[in-house]
Amino acid sequence: MKNDTLTLAIQKSGRLSEGSIKLLSQCGIRIQNGRNHLKAKAIGFPLELIFLRDDDIPQYVEDGVAAAGILGLNEVLEKNKKVSVIHSLGFSRCRLSVAVPKHIEYQGRKSLQNKRIATSYPALLKQFLKKHAISAEIHHISGSVEVTPGLGLADAIFEIVSSGGTLLGNGLKEVETVLESEAVMIARPDLPPAVESILEKLLFRIRSVQKASNNKYILLNAPKEKLDLIISLLPGIKSPTIMPLAMKGWYSLHSVVSEDDFWQVIDNLKEAGAEGILVVPIEKMIT
Ligand code: PRT
Ligand code: ZN
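None of the values given here were measured: they were computed from a predicted structure.

Would you mind showing me how to read the overall build of the protein chain here?
Helix and strand counts for the protein chain stand at 8 helices and 16 strands. Scaling as 2.2 N^0.38, a compact globule of 287 residues should have a C-alpha radius of gyration of about 19 Å, whereas the protein chain reaches 25 Å, well beyond that. Considered along the principal axes of its C-alpha atoms, the protein chain spans approximately 75 × 55 × 30 Å. Expressed as a percentage of its 287 residues, the buried residues of the protein chain come to 43%. Surface exposure of the protein chain reaches about 15,500 Å², of which carbon and sulfur atoms provide 51%. Here the protein chain contributes 35 positive and 31 negative side-chain charges, whose respective centroids are spaced 3 Å apart.

Below, the structure is given as structure tokens:
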């Protein structure tokens, strides 16, 4: 492992690739040569990318070929290598669930007793069955798990669900959600200090990008007599910026509102007498 560069493993092609590259680009990191190569150097940041199948990333990170990696939490837990999950990245969200044919009357986990369950996540399924003292047959299949009940090869499946469309299309219904997953950053636990510090810089940029996308910048006008009430409704980072307008007795207020309670705050502001409300996206948020 080089000391002056962070080697980051990301998925070569698949559901995580675009999100990983987009996140790096939002962090101001561009890639020199394309994904057709095994490796690529970043421009303007001491980073080297290795493009791999997501299944291989935990092993490469454990072995130190890469210092860190981006992949789904589901895959990290399935592979169970000596790596640490250091940050949740908020994309490629999905869940790992148990599903059964929709005509089955599911009566809780006991319905899985002595059944055949097909999965591409045998280790996580084994853990789930053990935790709930269920004895069942695990069929390890690497793809198209959803077709197995229809073919009579399994009674239930344990698989990734996102929109639920694939389950529906195969006459299945989701009966247990076992794990909520999203893309995460993993790293070797014992990185050399120089590499650790590059990783920290990258995480700082990632957090700034995430904070920005969870917040909106809001500008509004208010008459002097409504200022106190309106200020009390604006959460802001510290306190809102207040500037007098050319029109006497009127002020412009600027603040930051979280995406979560955004509409509620807007409704309250309108009711309190705010006018000319403008909402703009924030590109980066350094706090
Ligand atoms: O080639 P490589 O091994 O690198 O890729 P892969 O084929 O193993 O993985 P890929 O690219 O399919 O998925 C990578 C990761 O994306 C997974 O490990 C999850 O963390 C995440 N992810 C998010 C998903 C989905 N959404 C998803 N919908 N992974 C798989 N699916 C599949 C799922 O297996 C099922 O067949 O999509 C189907 C269900 O989707 P819905 O929308 O119909 O419910
Ligand atoms: Zn894979």
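Quick question: what am I supposed to make of the sheet that holds strand 11 (residues 172-181) here?
Strands belonging to one sheet form pairs held by backbone hydrogen bonds; the direction of such a pair is parallel or antiparallel. In spatial order, the strands read 9-8-10-7-11; together these 5 strands make up an open sheet with mixed pairing. Two strands close off the open sheet at either side, each with one partner strand: strand 9 (137-140) and strand 11. Put simply, the sheet's adjacent strands are angled 25° from each other on average, direction ignored. By the bridge criterion, 8 bridges tie strand 7 (residues 94-101) to strand 11 in an arrangement that is antiparallel. The partner of V98 across the bridge, within strand 11, is E176. Across the face of the sheet, helix 4 (residues 122-131) comes into contact with strand 7, strand 8 (116-119), strand 9, strand 10 (156-161) and strand 11 while running at roughly 165° to strand 9.

Sorry if this is basic, but what is going on with the nonpolar core here?
Formed by 57 residues in total, the largest nonpolar core has its most connected members in L8, L47, M185 and L202. Tallying contributions element by element places helix 6 (residues 193-213) first for this core, with 7 residues. A domain-level breakdown of this core finds at least three residues from each of domain 1 (6-90 + 182-212) and domain 2 (94-181). In this view, L47 contacts T5, L6, L8, L24, I29, A40, K41, A42 and L202; residues no more than four positions away in its chain are not counted.

Help me out: how do you make sense of the packing of aromatic side chains in this one?
We describe a pair of aromatic rings using the distance from one ring centre to the other and the angle between the two ring planes. Here the structure, examined in full by the defined rule, presents 2 aromatic pairs. Ring geometry for F128 and F158: centres 6.2 Å apart, planes at 20°, overall stacked. Here F128, found in helix 4, pairs with F158, found in strand 10; they are 30 residues apart in sequence, far enough to count as distant. Take F128 and F158: they sit in the same class, and that class is buried. An angle of 75° between the planes, with centres 4.9 Å apart, marks the rings of F262 and W263 as edge-to-face. Exposure remark for F262: the relative accessible area of 8% places this residue in the buried category.

Is there a simple way to think about the pattern of salt bridges in this case?
Between side chains of opposite charge, a pair can form as their charged atoms come close. This model, assessed by the stated rule, comprises 11 salt bridges. Salt-bridge contacts for E174 lead to R95; the nearest nitrogen and oxygen are separated by 2.8 Å. One end of the pair, E174, is in strand 11; the other, R95, is in strand 7, with 79 residues separating them in the sequence. Taking relative accessible area as the criterion, E174 reaches 30% and is therefore assigned partly exposed. The class of R95 is partly exposed, set by a relative accessible area of 22%. For R116, the salt bridge goes to D155, with nearest N and O atoms at 3.1 Å. Here R116 is found in strand 8, whereas its partner D155 is found in the loop between strand 9 and strand 10, with 39 residues between them in sequence. For R116, a relative accessible area of 27% puts it in the partly exposed group. Take D155: its relative accessible area is 27%, and that puts it in the partly exposed class.

Cut-offs used in this document
Residues numbered from 1 in each chain as written. Chains lettered and ligands numbered in written order. Predicted model: local features only at pLDDT ≥ 70, side-chain atom pairs only at ≥ 80, totals over all residues. Heavy atoms only, no water. Helix = DSSP H or I, 4+ residues; strand = E, 2+ residues; numbered from the N terminus. Rg over C-alpha atoms; globule rule 2.2 N^0.38 Å. Buried < 20%, exposed > 50% of the residue type's maximum accessible area, 1.4 Å probe, protein only. Areas by Shrake-Rupley, 256 points an atom, 1.4 Å probe, with all protein chains shown as cover. Lys, Arg positive; Asp, Glu negative; His and termini not counted. Charge placed at Lys NZ, Arg CZ, Asp CG, Glu CD. Pairing = 2+ DSSP bridges. Axes fitted to C-alpha atoms, helices over the stretch in contact; angles between N-to-C directions. Contact = heavy atoms within 4.5 Å. Core = buried A, V, L, I, M, F, W, Y, C linked by side-chain atoms within 4.5 Å. Domains from an automatic or database assignment. Phe/Tyr/Trp six-rings, centres within 6.5 Å; stacked < 30°, edge-to-face > 60°. Salt bridge = Lys/Arg side-chain N within 4 Å of Asp/Glu carboxyl O.

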